[in-house]
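Read off the chains here:
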Amino acid sequence: MIPASAKIGDSVVIEDGVILGENVTIGHHCVLLAGTKLGDNVTVGHHCVLGVRPGGNATMRTTGVSNLTLTIGSGTRIGQLVSLYTGTVIGENSFVADHASIRENVVIGPGTVIGRAAIVELNTTIGASCTIQTNAYVTGDTTIEDHVFIGPCVSMSNDKYMGAQPYSLAGPTIRSGAKIGNNATLLPGVVIGKLAIVGAGSVVTRDVPDQTVVVGVPAALLDPS
Amino acid sequence: MIPASAKIGDSVVIEDGVILGENVTIGHHCVLLAGTKLGDNVTVGHHCVLGVRPGGNATMRTTGVSNLTLTIGSGTRIGQLVSLYTGTVIGENSFVADHASIRENVVIGPGTVIGRAAIVELNTTIGASCTIQTNAYVTGDTTIEDHVFIGPCVSMSNDKYMGAQPYSLAGPTIRSGAKIGNNATLLPGVVIGKLAIVGAGSVVTRDVPDQTVVVGVPAALLDPS
Amino acid sequence: MIPASAKIGDSVVIEDGVILGENVTIGHHCVLLAGTKLGDNVTVGHHCVLGVRPGGNATMRTTGVSNLTLTIGSGTRIGQLVSLYTGTVIGENSFVADHASIRENVVIGPGTVIGRAAIVELNTTIGASCTIQTNAYVTGDTTIEDHVFIGPCVSMSNDKYMGAQPYSLAGPTIRSGAKIGNNATLLPGVVIGKLAIVGAGSVVTRDVPDQTVVVGVPAALLDPS
C-alpha cells in the first residue's frame, strides 16, 4: 500500500483505501482518510487532513457527492495545517499553501497556486496557472478560467438572497487572464470579462466587459482622465 | 470517564476533567483539555483543540473568566483544525466548520452555523439558527440575535479608539433576522435593526433602522429608483 | 538538548538542531523543525508547526533565504495551530495568536501582538509594541514601525501589476503610531504617516500625511464639518 519510496512523518494516520504514488513525502501528524489519492512526487506538509467527507448540520445543503475520491496530481505541493475534501481534483504541479481549505466537487487545473489561508468552496472550477492569493475567498458554484489572478482577501458571494432561498446559488464567473485587486467584493453571479481588471477594494455589482478596468463602490469603468 | 459508546481517533489527548456524552466521535490527533464537556452525539473532526484557556501577553486585557468549562450541546458537529475556548457554551445541533475559532465567554444558540475559518471573539452572544458565513469575523462584545445571516468575510470592530483606550469596547448589535452582505464592514457599537439588510461591501458607520436596506460607503438607505 | 525545565506535550516532534531555553512549554502534537530556537519562558500552544522552510511551486519566487533559523524571544507566547517559518525573528514578550502564520525573512519587535489568524508575509518588518488585529493580512515587503495598530481584517497588497511583473514588489510603509481601521484596503507602496488614522473600510490609494485622518473610497482627508 505504502511504496518503499514514500517518506512518512511521525504519527501519520493513513486509512485503508489511500493510494500513494512514488516518492511522496507526508509530514508529521497528517491524517489521510480513505479515498485520498496522491500522484508521484507529491509533498504534504505537517498537520494536514486529506480526504474529508462532506457533512454539516440540518440547515446546510447536502451536495450529493458520489465521488468520494480526493485526487492530487503529480508534483503538487501542499503546505501545513491544510484541509482538503473528497470529490475534488487538484492538477499537477500546483501549490496549496498553509492553512488553506478546499471543499468537495472542486476541480483545480495544473500549475495553480491556492494561497495561504485561502478557501475554495464546493462545486467550483479553477483553471490552469491561476494565482489565488492569500486569504482570498472563492465561494461555491464559481467558475474561474485560466491565468486568473485573485488578489489577497478578495471576497465573493454566491447567495443573492442570503440564506432566504438557499437553493438558487450562483458564484461569479471570472474569464481568462482577469485580475482582481485585493479585498475587492464580488456579488453573486457577476461575470468578469477576459483580461479585465478590478481595482483593489472595489465592489462589483454588475458584469465587467472584457479588457476593461473598473474601480470603486459600486465598481465603474475607470475614468482615463 | 470515556463511555464505551465513544469513537476515539488515534493519538487523541483527553485530559482529566473532560466529560463526554454518549456516542461521541473524536477525530485523530484531537486535544481535549480539562473542562471540555461534550453532549451526546457530538462529532469532532481531526486536529481540533478544545478547552483552551484564555491568555495573552502583558498588553492584552484579561477577561477574568471564572467559568473554565467549554460546553458543546448534543448533536453538534465540529470540523477539522478548530480551536474552542473555555468559558463558552455552544448550543445543540449547531455546526462549527473547519479552521474556525471561538473564544472565551461566548454563548451560541442551537442550530447555528459558524462557517469555515470564521472567528468569534470573546464576550459575544449569538442566537439560535444563525448563519455566520465562511471567514466572517465576529468581534468581541457583540450581540447577534436569532435567525441572523452574516455573509462571508464580514468584518466588525469593537474598538472605536483602536487601542488607545482599550477598556471602552462595544461590538455591533445585530437584531433578529438581519442579513449582512459579504465583506461588509461594521463599526463599533452600530445597531443593525430587525430584518434589515446591509449590502455587500458596505461600510456601516451608524445605526440601521428595522426592515431597511442600506448600501455603500458610508452605508445609506437604498434609493428605490 | 531538551532542558529538564521544559514541559513537553504528548506526541511532540522535535528535530535535531532545535534549541530550547529554560522553562519552555510546548503543547501537544507540536512539530519543531531543525533551526527552531526558543528563548526562556516561551510558551507554544497545541498543533503548531515551527521552523517551516520556504518552498512553493515553479511560478513562485524563491527568496534565497540563507538564514534557516526561527528565533523566538524570551517570554513570547504562541497560540494553537500556528505556523512559523525559518529566517524569522520574533521579539521578546510578544504574542502570536491561534491560527496565525508568519513567513520567512520577517522581523517582529518586542511586545507586539499578532492576532488570531493574522498572516505576515515574507520580507516584512514589524516594530515594537504593535497590535496586528485578528485576521489582518500584512503583505510581503512591508514596513511597520513601532506602536502601530492594524485593525481586524485589514488587507494590503505589494503587487501593483497583480502577477504580471512579479519581481517589482513593494508593500505599504506604516509609520509610528498610525492606526488602520478594520477591513481597510492598502494599495502597494503607500506610506501611512506618523500618528495618521485610516478609517474602517477605506481604500488607501495614495500616501497619507502624518497626523491626518482619511476615510472613504478612495480615502480622502476627513472633512471636519
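Per an unreviewed UniProt entry, the recorded name for chain A is N-acetyltransferase, and the organism is Tumebacillus amylolyticus.

Right, let's talk about the pairing of strand β8 (residues 49-52) of chain A for a bit. Residues and elements named next belong to chain A. Sheet topology note: the strand β5 (residues 31-32)/β8 ladder contains two bridges and is parallel. By the bridge assignment, V31 is partnered in β8 with V49. Bridge count between β8 and strand β11 (residues 83-85): three bridges; the pairing is parallel. Bridge pairing links L50 to L84 in β11.

Attention now goes to the pattern of salt bridges. This model, assessed by the stated rule, comprises 15 salt bridges over all chains. Across the pair E121 of chain C and R116 of chain A runs a salt bridge, and its minimum N-O distance is 3.9 Å. Remark: R116 of chain A occurs in the loop between β16 (113-114) and β17 (119-120) and E121 of chain C occurs in the loop between β17 (119-120) and β18 (125-126); the pair is interchain, linking two chains. Of the two residues examined, E121 of chain C and R116 of chain A, each falls in the buried class.

It takes a turn of 120° to lay chain B on chain A, together with a shift of 0.0 Å along the axis; the resulting RMSD is 0.0 Å. Here the transformation between the copies is reduced to the relation of a three-fold axis.

Interface size is commonly expressed as the accessible area that is lost once the parts come together. The interface is formed by 36 residues belonging to chain B together with 44 residues belonging to chain A. Buried surface at the junction of chain B and chain A, summed over both partners, amounts to about 2600 Å²; 60% is from carbon and sulfur atoms. On the chain B side of the interface with chain A, the three residues burying the most area are H47, R116 and N182 of chain B, jointly 18% of the side's total. Applying the counting criterion to the chain B and chain A interface returns one salt bridge.

Turning our attention to the interface of chain A and chain C. Contacts between chain A and chain C engage 36 residues on the former and 45 residues on the latter. When the two sides are added together, the surface that chain A and chain C hide from each other amounts to roughly 2700 Å², 60% of it contributed by carbon and sulfur. On the surface where chain A and chain C come into contact, there are one salt bridge. For the side of chain A that touches chain C, the secondary structure elements donating two or more residues are β25 (179-180) and β28 (197-198) of chain A. Grouping the constituent residues of the side of chain A that touches chain C by class yields twelve nonpolar, 19 polar and five charged.

Rules used in this analysis
Residues numbered from 1 in each chain as written. Chains lettered and ligands numbered in written order. Predicted model: local features only at pLDDT ≥ 70, side-chain atom pairs only at ≥ 80, totals over all residues. Heavy atoms only, no water. Pairing = 2+ DSSP bridges. Helix = DSSP H or I, 4+ residues; strand = E, 2+ residues; numbered from the N terminus. Salt bridge = Lys/Arg side-chain N within 4 Å of Asp/Glu carboxyl O. Buried < 20%, exposed > 50% of the residue type's maximum accessible area, 1.4 Å probe, protein only. Least-squares fit on C-alpha atoms with pLDDT ≥ 70 in both. Contact = heavy atoms within 4.5 Å. Buried area = accessible area lost by both parts, 1.4 Å probe. Nonpolar A, V, L, I, M, F, W, Y, C, P; charged D, E, K, R; others polar.

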